Amino acid sequence: MGPLFLFVTGAVITLLSLWQLRRWLAAIREAPHVTPKMPPAPPSSLPRHDSSAPKGRKGLAALEREVAELAEAGLTVTEIAQRVGLTRAEVQLILGLRSPR
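Residues numbered from 1 in each chain as written. Predicted model: local features only at pLDDT ≥ 70, side-chain atom pairs only at ≥ 80, totals over all residues. Heavy atoms only, no water.

**Student:** A description of the overall build of the chain should follow, citing residues and the corresponding values.
**Tutor:** A tally of regular secondary structure across the chain gives 4 helices and 0 strands. When the helices and strands of the chain are listed from N to C terminus, the series reads α-α-α-α. Expressed as a percentage of contacts within the chain between residues at least 6 apart in sequence, the contacts between residues at least 24 apart total 43%. Working note: accessible area of the chain is about 8900 Å², and carbon and sulfur atoms make up 65% of it. (Helix = DSSP H or I, 4+ residues; strand = E, 2+ residues; numbered from the N terminus. Contact = heavy atoms within 4.5 Å. Areas by Shrake-Rupley, 256 points an atom, 1.4 Å probe, with all protein chains shown as cover.)

**Student:** Tell me what's going on with the nonpolar core, and back it up with residues and numbers.
**Tutor:** Core analysis: the largest hydrophobic core is formed by 10 residues, namely L63, V67, L70, I80, A81, V84, L86, V91, I94 and L95. Discounting residues that sit within four places of it in the chain, I80 has contacts with V67, L70, A71, L75 and V91. (Core = buried A, V, L, I, M, F, W, Y, C linked by side-chain atoms within 4.5 Å. Buried < 20%, exposed > 50% of the residue type's maximum accessible area, 1.4 Å probe, protein only.)

**Student:** Hey, could you go over the packing of aromatic side chains for me, with residue numbers and the actual values?
**Tutor:** Taken as a whole and judged by the stated rule, the model has 0 aromatic pairs. The residue whose ring lies beneath R23 is W19, and the NZ or CZ to ring-centre distance is 4.9 Å. (Phe/Tyr/Trp six-rings, centres within 6.5 Å; stacked < 30°, edge-to-face > 60°. Lys NZ or Arg CZ within 6 Å of the ring centre and 35° of its normal.)

**Student:** A description of helix α2 (residues 60-72) should follow, citing residues and the corresponding values.
**Tutor:** In a regular helix each residue adds 1.5 Å, so 13 residues correspond to 18 Å; α2 covers 18 Å between its end C-alpha atoms and thus fits that length. Of the residues making up α2, those classed as buried are L63, V67, A68 and L70. What you see down the axis of α2 is that its buried residues fit within an arc of 165°, all on one side. Note on α2: the residue one or two positions beyond its end, G74, has a positive phi of about 100°. (Expected span 1.5 Å × (residues − 1). Arc of directions from axis to C-beta.)

**Student:** How would you summarise the packing of α2 against helix α4 (residues 88-98) if you had to cite specific residues and measurements?
**Tutor:** Between α2 and α4, the least distance of the axes is 10 Å, while the angle of their chain directions is 85°. As summarised for this structure, α2 and α4 are arranged roughly perpendicular, according to the angle between their axes. Of α4, the residues touching α2 (which contributes E64, V67, A68, A71 and E72) are V91, I94, L95 and R98. (Axes fitted to C-alpha atoms, helices over the stretch in contact; angles between N-to-C directions. Parallel < 35°, antiparallel > 145°, perpendicular 65-115°, else oblique.)

**Student:** Which residues make up the environment of E66, and what are the values?
**Tutor:** Relative to the helices and strands, E66 is located in helix α2. Sequence separation between E66 and I80 is 14 residues; the distance between their C-alpha atoms is 9.1 Å.

In structure tokens form, the structure reads like this:
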């Protein structure tokens, strides 16, 4: 009687667990889907582009040309990034893309 009792007990526990799981999934499906409201991101304190430039972003070709000219003039990556309004990584990427392999 020992193994049969264990088998029946295990089967009952499994069925009860599946029944609870089914109820839990049904409750989730019926719950209203609410997305949390995020506060707006604070504006960046650093300018992303030159204030003397016209409104909107510069064209990519013009930006690449300006970065190349500043690099040829001997400015460091940090100085170029500050003047153009890009991050150091973006300036390094632009300079790396134009260098011959």
